[in-house]
Amino acid sequence: MAPGCAGPLVRFIGRVTYPGTLPFRDVPFGLAHHLTQDAATEVGGAVAGVVTSPVLVGRDEFLALTGRRLVQAASGSGELLLVAGEAGIGKTRFLGAVARQARSLGFTVSTGAAFPGDSASSAGLLLDLAADLGEPTGLGRRLADRLAAITDDPARSGDAHHRRRMLVQDLVGLLLALREGGPRLIVLEDLHWADAVSLDVIGRLAPRLSSGSLLIAAAYRSDELYPSRPLRELRARLVVQRLAEEIRLPRLSLPEVSVLTGAVLGGPVPGQTVQALHTRSDGIPLHVEELLAAATTAGPPMYELHEVQEVAVPDTLAEAVLSRVRHLAPVTREVVRAAAVIGRSFDFDLLALITGLPDDEVAAALRELREAYLVLPGPDATTFDFRHALIRDALYADTDLPVRRRLHEQAARAAAGRGYRGAVVSAHFEHAGQAAPAHAHALAAAREATALSAHREALELYRRAARNAPDDLDVTARVALLSALGAEAAAVDENAEAAAAYTSAHALALESGDVRTAAALVPGMVAVGHLLGEPLRERVSRLRAATDLLDRAGIEATTERRALRSATAAAFMLDRRLDEAIDEGRGSAGSGPDTGSDSSIDAGPDSDDDVALNTSITLGSVLVFAGRPAEGWSLLEKGVRQARSARREAEAARGYRMLATTASVVVEYDRADHWLAEGVTYAGTVDLWNHRHYLAAHQGHVGWATGDWARAEATARQALADGRGGITTRITAQYVLGYLAFGRGEAGTADALLREALEAGRDMAELQRFSPPLWGLAEAARCRGDHDQAARLCEEGFHASAEVTDAAYLFPFLLTGVRAHLATGDLDAAGDFAARTGAVLRSRSIPGTLPALVHAEGLLLAAQATQTTQTARADLAGARARLEKAVHAWSDRRRFWESCWGKLDLADVCFRMRRRAEANRYLDEVRAQAGAAGATVLLTAAGRLTPVTSRTPWHPLTAREFEVARLIADGLTNRQIAEHLVLAPKTVSAHVEHILAKLGAARRTEIASWTAGVNPRPRS
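Residues numbered from 1 in each chain as written. Predicted model: local features only at pLDDT ≥ 70, side-chain atom pairs only at ≥ 80, totals over all residues. Heavy atoms only, no water.

*Asks:* Outline the overall build of the protein chain, supporting the account with residue identities and numerical values.
*Replies:* Along the backbone of the protein chain there are 47 helices and 10 strands. Expressed as a percentage of the 1020 residues in the protein chain, the buried residues total 56%. Sequence-distant contacts, at least 24 apart, represent 68% of the contacts inside the protein chain between residues at least 6 apart. Put simply, the protein chain shows about 41500 Å² of open surface, and 52% of that area lies on carbon and sulfur atoms. (Helix = DSSP H or I, 4+ residues; strand = E, 2+ residues; numbered from the N terminus. Buried < 20%, exposed > 50% of the residue type's maximum accessible area, 1.4 Å probe, protein only. Contact = heavy atoms within 4.5 Å. Areas by Shrake-Rupley, 256 points an atom, 1.4 Å probe, with all protein chains shown as cover.)

The following block contains the structure:
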């Protein structure tokens, strides 16, 4: 962590990186967090196998409360704060953050702690506090001396109570004397282990704290307030009588676990992995960190779902659980181990059945387990839950294998007899080593899960059915099993597994002579192959080969043939080979070839079978890209409605995918926002995760395109983590992050991301995969001044699009190419490129691409005015008119990048026309928009355009504000700036607020980026 980042409240955590991952920007993603004491150490901790989060997550509300109480204490109104929470919840870290708050407010901080066994001693907690008080006031020595005088002389037992009261009164007086040295915070840890004397002192201090500047914050484990603990009664009395305020630290929510995990691992973690981590840890921060440490000690960061589920309970946590169990009665230990075999949640009757114990003995054991804080009552009178998942996991792992198998078999047979779900029954049979019933129950449960759209559960059940399949399972059943497994794996983005299952099923079907089934599998195989990056020619070849196989076998198989042609249409559409896609689509729908641009295209008479819906959706997208948007949008929206109405979830999710992402590409961002949001929700609801992740990646693209770069980055990074199983999601997320990087002036990062995406897209041989990163590389080259390279890449992009008459991916190349040629002074080459590219754009006339034509005309006219004097004024006027039209069009379509560059073009023309006020207005608009987005390249370009004579170099800042901005860029804190400039800290804070507002910035790093683009006169 960079020096200077530390502070009580932090919203930006520098550039935390982890080997093999991208930089992790803005760790909190909108949530306020707090640095821990060891935040300056490398993420993951300095000790092998130890993971410590660099941020304190989910405690903002409570830190705000303690901040208010500290202010009250400083003004003379102290109190006792109790901080409660179960083991591992983060009480110590929270108190550390409170201590840092206190020191920043001028408090003296003293600490003490109780230890196991202290409850049997006298004043152990206070002796520990005395040791920390030190010698400056002598109070520590006096307190220690007074405690050392404690005796338990039986001969004087008659006045023992009196002597104890006098002792407590003396100790209270000594501690109250601490108020004389100014505001003080006393932090007491592990109060649940404290002795009676120490607790008595705290109880008598509590009502007297309100009249001084002493605040006591004392933490205890809420899950260890056993009936025998002295603290139990004291805590109840203090809280009921309002003599203490209690903070109960809750477990972390799912989003908070996501933030914590991302902070530890250096980047976003797949959502399903976070979900599994949250389930196993129950949101207890220490458990999250321990699981991360266990999963990452032997290798790279944990990103896979199975690693979270399969990692053993860390020894530290397991021993803590087992040490508590060893003190239980023998019958209770037997009951709790049987409960662990049943699962995280268990039923009283099932537990009694598999233990064979009388109901009253089971009930007594459960009562003891509840008193030991190991088990909690469930939602009804007969169910129970382990307090957290790792308690169950530790007990299960500690149970001998023969015992586990015996209990699993008893549980399986009892659960089957009581009508439990097949998923539960099959799992018990598998763990019992009973393959045949495990297979049968898993297969039935998998089919039920598929029908309920629980695809991830269905995949696990099909996996279980396959693992336990009998050797003599007939070929037809085995092919069906592998086919179903492949479909479910593809649904949840486990594409490598899906490909393997489909390939095995296809080979078995061919081997058995079932040609029709083999052909039916090919569209699914091709779809998965596409997500794994299989080139277009191989996919089309595979589809053609399946049709040829049906021909040679003399099988009509109309349904399979339609599906093969529909899949071929989709493959051609993805490469923007629109005419071929139309031919295949109409063939699938049973129509003849398209006879002209005015022909009506439909998939059939409102058919809602899978093939018809997929064909309709494909053709809808084709029509939009072919320049027939009204027909295309209508067909796409109709396809989604029909698929949802017919409960065809895969087809509906694909419909959302095609509709929303097509809108994203053709600059229809309002339409894209609506359908992307609806599609992400729908795909997640029906458990179709590849579609969901790809849609999310396009949400990142729309965020970049509309200038919401913070959202774009967060969304794209998360999609990159989530969509690791599909190359289409990865390519999209990578080029979005590449666009953001070159817009921020991060040339190296942009180049790496865009080249990787381009290479993968070229391997797939699909225009829509390689054209966007190719344009990103061209624009990045132009932005860094390599205009020859930019022109070469634009020429490559032109030829790729012109070959298939594509406009959707071509339009950004028009402006980049024209600018690149003009920058080298070659007006003829710029005009030629504009003419050739413009012809393709006009042939399709997709509305969202057309502003590029007007914009290019304006650039060419402005350049002509530079080379000729006779028509300069007319050319500049014409350039201004066209550029204004282009800027309005881009702005209406919310296209941020071209709109801002258009305003810079207008400012340049206006300066040349001596319309300075108008030029400055455009520059101010760009600075505000670019500052809000963090687009450093645009800010730098705006700085270069401003004439030196027109204003100060640091406009819109004052000279003093610019001096503060430069010190921020140097890495100084507000306090350091105040010392450097001999100003009050409050004055510096006000300057910083004004700078952020004027620049449209949200973070100090954006101030630094803007300052880097200003070239003031040298400092005196």
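Next comes the rest of the description.
*Asks:* Please provide a residue-by-residue account of the packing of aromatic side chains, values included.
*Replies:* Tallied over the full model, the rule gives 18 aromatic pairs. Here the aromatic residues W704, W709, Y735, Y739, F742, W775, F896, W897 and W901 are joined through ring pairs into a cluster of three or more. Over the aromatic face of Y396 sits the side chain of R404, whose NZ or CZ is 4.8 Å from the ring centroid. (Phe/Tyr/Trp six-rings, centres within 6.5 Å; stacked < 30°, edge-to-face > 60°. Lys NZ or Arg CZ within 6 Å of the ring centre and 35° of its normal.)

*Asks:* Hey, could you go over the nonpolar core for me, with residue numbers and the actual values?
*Replies:* Formed by 149 residues in total, the largest nonpolar core has its most connected members in W704, V818, W897 and L938. In contact with V818, not counting residues within four places along its chain, are A830, F833, A834, A856, L859 and L860. (Core = buried A, V, L, I, M, F, W, Y, C linked by side-chain atoms within 4.5 Å.)

*Asks:* How would you summarise the packing of helix α36 (residues 787–802) against helix α37 (residues 811–823) if you had to cite specific residues and measurements?
*Replies:* Contact geometry of α36 with α37 gives a least axis separation of 8 Å together with a crossing angle of 145°. At the point where α36 passes α37, the crossing takes the left-handed sense. Contacts between α36 and α37 pair H787, A790, A791, L793, C794 and G797 from the former with F813, T816, G817, A820, H821 and A823 from the latter. Tallied by class, the residues present in the contact of α36 with α37 amount to seven nonpolar, five polar and no charged. (Axes fitted to C-alpha atoms, helices over the stretch in contact; angles between N-to-C directions. Left-handed = near helix turned anticlockwise from the far one by under 90°. Nonpolar A, V, L, I, M, F, W, Y, C, P; charged D, E, K, R; others polar.)

*Asks:* Account for the environment of A454, naming residues and giving values.
*Replies:* Locating A454 in the fold gives a position in the loop between α19 (435–451) and α20 (455–467). When sequence neighbours within four positions are dropped, the list of residues in contact with A454 reads A449 and D687.

*Asks:* Tell me about helix α41 (residues 896–912), residues and numbers included.
*Replies:* Over its 17 residues, α41 extends 25 Å from the first C-alpha to the last, a length consistent with the 24 Å expected when each residue adds 1.5 Å. Across the 17 residues of α41, 15 count as buried, placing the element largely inside the fold. Directly after α41, the chain includes R914, whose backbone phi takes a positive value near 60°. (Expected span 1.5 Å × (residues − 1).)

*Asks:* So what's going on with the sheet that holds strand β9 (residues 375–377)? Which residues, and what values?
*Replies:* Across a sheet, strands are paired by hydrogen bonds formed along the backbone, either parallel or antiparallel in direction. Strand order in the open sheet made by the three strands is β8-β10-β9, with antiparallel pairing throughout. Pairing within the sheet leaves two strands with one partner each, and these edge strands are β8 (345–347) and β9. Put simply, the sheet's adjacent strands are angled 30° from each other on average, direction ignored. In this structure, β9 lies alongside strand β10 (residues 383–386), joined through three bridges in antiparallel fashion. Paired with V375 across the strands is F386, a residue of β10. (Pairing = 2+ DSSP bridges.)

*Asks:* Tell me what's going on with the packing of helix α31 (residues 689–705) against helix α32 (residues 709–722), and back it up with residues and numbers.
*Replies:* Between α31 and α32, the least distance of the axes is 7 Å, while the angle of their chain directions is 155°. Classified by the interaxial angle, the pair formed by α31 and α32 is roughly antiparallel. Here α31 runs over α32; the crossing is left-handed. Note on element contacts: α32 touches α31 through W709, R711, A712, T715, A719 and D722, opposite R692, H693, A696, A697, Q699, G700, V702, G703 and W704. Grouping the amino acids of the contact of α31 with α32 by side-chain chemistry returns seven nonpolar, five polar and three charged. (Parallel < 35°, antiparallel > 145°, perpendicular 65-115°, else oblique.)

*Asks:* Tell me about the pattern of salt bridges, residues and numbers included.
*Replies:* Using the criterion set out here, one finds 59 salt bridges in the structure. Note that D551 is salt-bridged to R561, the shortest N-O span being 2.8 Å. Of this pair, D551 sits in helix α24 (residues 536–553) while R561 sits in helix α25 (residues 558–574), and the two are 10 residues apart along the sequence. Here E918 and R880 are joined by a salt bridge, their closest N and O atoms 3.1 Å apart. Taken together, the residues E918 in helix α42 (residues 916–933) and R880 in helix α40 (residues 872–892) connect sequence positions 38 residues apart. (Salt bridge = Lys/Arg side-chain N within 4 Å of Asp/Glu carboxyl O.)

*Asks:* Which residues make up the sheet that holds strand β7 (residues 245–248), and what values do they have?
*Replies:* If you walk across this open sheet you meet the five strands as β4-β5-β6-β3-β7, and the pairing is parallel. In the strand order of this sheet, the two ends are held by β4 (108–113) and β7, each with one partner. Averaged over all pairs of adjacent strands, the angle between strand axes in this sheet comes to 20°, irrespective of strand direction. Here strand β5 (residues 184–189) pairs with strand β6 (residues 214–221) via five bridges, running parallel. Directly across from I186, in β6, lies its bridge partner I216. The sheet strands contacting helix α1 (residues 60–74) are β3 (80–85), β6 and β7, and the helix crosses β7 at an angle near 155°.

*Asks:* Account for the pairing of β5, with residues named and values stated.
*Replies:* Here β5 lies mainly inside the structure; six of its six residues are buried. By the alternation rule, side chains of β5 split into R184, I186 and L188 and L185, V187 and E189, which are all buried. Relative to β5, β4 runs parallel, the two sharing six bridges. Counted as the bridge partner of G112 is L188 from β5.

*Asks:* Please set out the confidence of the model for the protein chain residue by residue, giving values where relevant.
*Replies:* Model confidence for the protein chain is summarised by a mean pLDDT of 86, while 87% of its residues fall at 70 or above. Considering only residues more than four positions removed or in separate chains, one finds that residues 298–302, a stretch of pLDDT under 50, has 12 contacts. (pLDDT = per-residue confidence, 0-100.)

*Asks:* Report on a negative patch on the surface, specifying residues and quantitative values.
*Replies:* A surface patch of negative charge is lined by E334, D359, D360 and E361. Mapped onto the secondary structure, D360 falls in helix α15 (residues 359–371). The class of D360 is exposed, set by a relative accessible area of 57%. (Patch = residues over 30% accessible without salt bridge, like charges linked within 9 Å, V, L, I, M, F, W, Y side chains within 5 Å. Lys, Arg positive; Asp, Glu negative; His and termini not counted. Charge placed at Lys NZ, Arg CZ, Asp CG, Glu CD.)

*Asks:* Run through unusual backbone geometry, naming residues and quoting values.
*Replies:* Note on backbone geometry: most residues besides glycine have negative phi, and most peptide bonds are trans. Of note, R242 is a non-glycine position whose phi angle comes to about 60°, a positive value. Among the secondary structure elements, R242 is positioned in the loop between α7 (230–240) and β7. Residues other than glycine seldom take positive phi values, yet V667 does so here, at roughly 65°. Looking at V667, the relative accessible area reads 1%, which means it is buried.

*Asks:* I'd like a description of the pairing of β3, backed by residues and values.
*Replies:* Most of β3 sits inside the fold, with six of its six residues counted as buried. Burial along β3 is two-sided: L80, L82 and A84 and L81, V83 and G85, pointing in opposite directions, are all buried. In this sheet, β6 lies alongside β3 in parallel orientation, the contact comprising six bridges. Within β6, the residue paired with A84 across the bridge is Y220. In the sheet, β3 pairs with β7 via four bridges, with the strands oriented parallel. When the bridges of β7 are listed, V83 appears paired with I247.

*Asks:* Explain helix α14 (residues 348–355) to me, using residue names and the numbers behind them.
*Replies:* Counting buried residues along α14, six of its eight residues qualify, which places the element largely inside the surrounding structure. Buried within α14 we find F348, L350, L351, A352, I354 and T355. Where α14 is buried, its residues touch α13 (330–342), β8, α15, β10 and α17 (401–417). The residue sitting at the N-terminus of α14 and contributing the capping side-chain oxygen is D347; that oxygen lies 2.9 Å from the backbone nitrogen of D349. The positive-phi residue at the C-terminal boundary of α14 is G356, with phi of around 75°. (Polar contact = N/O pair within 3.5 Å; in protein donor to acceptor, adjacent residues only side chain to side chain.)

*Asks:* Explain the environment of L957 to me, using residue names and the numbers behind them.
*Replies:* Mapped onto the elements, L957 comes out in the loop between α43 (936–945) and α44 (959–969). Overall, the relative accessible area of 5% leaves L957 in the buried class. Separated by 38 residues in the primary sequence, L957 and I995 have C-alpha atoms spaced 6.8 Å apart.

*Asks:* Pulling in residues and values, what's your account of the environment of Q976?
*Replies:* Relative to the helices and strands, Q976 is located in helix α45 (residues 974–981). As a C-alpha pair, Q976 and V988 span 12 residues in sequence and 9.8 Å in three-dimensional space. Within the local environment of Q976, its side chain forms a polar contact with the backbone nitrogen of T973, the two atoms lying 2.8 Å apart.

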